[in-house]
Amino acid sequence: MTTTRPDGDPAADELGARIGRGRRLTIGEIAAIVALIAVVALIPLVWSNAYALGVLITAMIVLVLNVSWNFVLGIAGVWNFGQLAIYAIGGYGAGLLMLHTPLPPALAIVCGGLIAAGVSILLAFPTLRLHGIYTSLLTFSFAQVFLFVVVNDPKGLTGGTFGFPTVPGLYSFLSPTASLRAYFWTMLAVVVVATLTVAMIRGSRLGIALRTIRDAPSYAAARGISPLRYRVIAFAISGFIAGVAGALYLSYNQSFTTAAMGLTPMSIDVTMLVIGGLGTIWGPILGTSVLTGLQVSLVDYPGIQLTILGAILLVIVVFVPGGLVGLLSSIRRRVSAWVEAGDDDDDDRAAREEREALSAGAPTPRVPLEGS
Amino acid sequence: MHLTDVVGVLVETVVLGSIYGLVAIGMTLIYGTLRILDMSQGSMVMLGSFVGWAILVSAGWSPVLAILVAFVLTFVLGALTELISVQPLMGRRGFDFEMVTFITTFAVAIVFANVALQIFGPFQKNVTPVVSGGIEIYGGVDLSYQNLTMAGVSIALMVGLGLFLARTRWGLAIRAVAQNLDAARLMGVPVMRLYPLTMGLASALAGIGGVFLGAKFFAYPGAGDLPLLEALIVVIFGGLGSLPGTLYAAYAIGFIQASAEVAVGTTWSLPILYGVILLVLIVRPQGLKGKPSEARL
């Protein structure tokens, strides 16, 4: 029987027991994460190479976009491939506000996020009645049509392929070096806030409802979870984060061009998400880091860069469908099973953890790991 | 609106509709048989247009040869794409097959586009029309022989595909798999050999489309993007997996786009088209002829 909390929705509670709220972090893990953030925050103080900082700032902007995309694609399970258009709408929206209104740039960036969230909600409605492949078709075409409109922009509102007119930066009152550092820390803060928000939502009742709709739509509907309401909420949240990322891209580059939203960036972002592990919290972080590293190391060979990227994407999807996060957690499971070998309930534990990993949206990778 | 405009729109409808039909029908065939959405169809169009450029312009050989080479090359590449990016994923559990193959075929498309970029460079190459000249049919509406051939060849290929599916042993096998995979297996249909054949065939249709489209536009590494987008719109509109639905949709989309081009110009024809599709999907989420259960949430 269902146990109901006085304030609670019994359906969501029971699903919570089934899908899992996710593991609480131990004190040690929290300390490790705080230390990691602190180390990253120290980078611009010890390392003042403008090129390297620029690469990191751009990577963090892409990371925020990927966090938002991962939320709607991996956690909510809505196959939205129009996220780059939402990202661009955030950028252009914020840019138009910066140029034509006296709003301070920081406020314009937030407004860019709100505009993107609005468009994202509008995009959610036609996809509401679709599922699976039709959703990806519709949203993918949305992104392509939006790109087409901007490229052929007749009124010159967006600057088309030449780029948006120059906008004032967030920190234009600072010296170039200080401004670069300020952008770095701003981006780091946005990355942390966005990731934490998504992580908290994932374990909350909202996140459980979204994952249930993803994994068992009929069950969710039967338990009274409205796909309509939750899909709109998912689109709104992910649209806002993507819009802020787009507005920050505009602010950092002081412009926005169509190069930020064509098929090339889309393939790079999708590869990052899939390599990291869709639907996981660490997935976007790992994927973005690995792929940024790869791009930087291949910067001298621009021709083969994307070919290698496509090949990696193919290999990862075929051989490691869970991405790096799935691979790592599987290795960790095996190591801990090996350490605890001799315990009677060893197999039970492995089986239970396997189940948990499955329900948490990380498909078990099917690569042979016998040696580890 | 003058009668000239009407005639112009109708001519454009037939031309656009036939070429959309050729690319989109391959996607529908693949979806109906393999249950995947093949994002590499666009790169087959692009490769076809490069074949057209290499044979017609660079080598100066006959258009028939260009079409044949495009057919063979894209057939082989399409079958290979299936073997590399779809076959290994079949029968595995733990993920959404349609979505994962959407990503893998997309990855193949990235590789093709960038290999083409390496070989041919980023610049647009003019492809000479397969046939030159034209006739004036009514009040200043020109119908070039190129467009006429393009529509003619497309329609002939679609009819040929229909005959292949209806009359030949392999065609029957493809339809059997599309209708009921398990029953087809039990009847001894070699499903795993049929899949590469289907995808090769569909890719070859797109490749031939590319030879003609290369002359209408250009040959360049991104040449497949717009045809892919238009084919996607056609298959959403027609309903995935339905061949008649795709055909109706191809001509309907051709008509909408041709009228929008006459009425408001090229810039807004695609957005208008997209708006129409949105409205259609709100009323009929499964498209014109798709199965309702497949599309509804």
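Conventions and cut-offs
- Residues numbered from 1 in each chain as written.
- Chains lettered and ligands numbered in written order.
- Predicted model: local features only at pLDDT ≥ 70, side-chain atom pairs only at ≥ 80, totals over all residues.
- Helix = DSSP H or I, 4+ residues; strand = E, 2+ residues; numbered from the N terminus.
- Rg over C-alpha atoms; globule rule 2.2 N^0.38 Å.
- Contact = placed C-beta atoms within 7 Å.
- Nonpolar A, V, L, I, M, F, W, Y, C, P; charged D, E, K, R; others polar.
- pLDDT = per-residue confidence, 0-100.
- Domains from an automatic or database assignment.
- Buried ≥ 20, exposed ≤ 12 C-beta atoms within 10 Å, placed from the backbone.

Draft legend 1. Up close: the overall build of chain B. On a plain count of helices and strands, chain B comes out with 12 helices and two strands. Listed by position from the N terminus, the elements making up chain B come as α-α-α-α-β-β-α-α-α-α-α-α-α-α. Compactness check: chain B gives a C-alpha radius of gyration of 19 Å against a globular reference of 19 Å for 297 residues, within 12% of the reference. Overall size of chain B, expressed as C-alpha extent along the three principal axes, is 60 × 50 × 35 Å. In chain B, 75% of the contacts between residues at least 6 apart in sequence involve partners at least 24 apart.

Draft legend 2. Region of the structure containing the interface of chain B and chain A. Taken residue by residue, the interface counts 39 residues in chain B and 41 residues in chain A. Per element, the largest residue contribution to the side of chain B that touches chain A is 15 residues, and it comes from helix H4 (residues 97–120) of chain B. Grouping the constituent residues of the side of chain B that touches chain A by class yields 29 nonpolar, six polar and four charged.

Draft legend 3. Inspection of the environment of Val232 of chain A at higher detail. With respect to the secondary-structure elements, Val232 of chain A resides in helix H10 (residues 227–253). Filtering out sequence-adjacent residues up to four positions away, Val232 of chain A remains in contact with Ile121 and Ala124 of chain A.

Draft legend 4. Summary view of the confidence of the model for chain B. Residue and element names in this part refer to chain B. With 92% of its residues at a pLDDT of 70 or more, chain B has an overall mean of 81. Segment residues 292–297 is flagged for pLDDT under 50; beyond a separation of four residues in sequence, or across chains, it makes 17 contacts in the model. Taken over the whole predicted complex, pTM reads 0.80, whereas the ipTM for its chain interfaces reads 0.74.

Draft legend 5. Focus on the domain arrangement of chain A. Residues and elements named next belong to chain A. For chain A, the assigned domains read domain 1 (43–261) and domain 2 (263–372). Contacts between the two partners involve 20 residues from domain 1, matched on the other side by 16 residues from domain 2. For the side of domain 1 that touches domain 2, the secondary-structure elements that each account for two or more residues are helix H3 (50–75) and helix H7 (176–203). A total of 12 residues in the side of domain 1 that touches domain 2 trace back to one element, the largest contributor, which is H3. Along the lines of polarity and charge, the residues of the side of domain 1 that touches domain 2 split into 14 nonpolar, four polar and two charged.

Draft legend 6. Looking closely at the confidence of the model for chain A. Residue and element names in this part refer to chain A. With 84% of its residues at a pLDDT of 70 or more, chain A shows a mean pLDDT of 80. Predicted confidence in chain A is weakest over helix H1 (residues 10–19), with a mean pLDDT of 50, and strongest over H10, with 92. Contacts of residues 1–9 to residues separated by more than four positions or lying in other chains number seven contacts, the stretch itself having pLDDT below 50. Note on residues 361–372: pLDDT under 50 across the span, and 40 contacts to partners over four residues away in sequence or across chains.

Draft legend 7. Main features of the environment of Ser238 of chain A. All names here are of chain A. By the secondary structure assignment, Ser238 is in helix H10. You can call Ser238 buried: it has 29 C-beta atoms within 10 Å. It is 7.4 Å that separates the C-alpha atoms of Ser238 and Ala117, two residues lying 121 residues apart in sequence. Leave out the neighbours within four places in its chain, and Ser238 touches Ser68, Trp69, Phe71, Val72 and Ser120.

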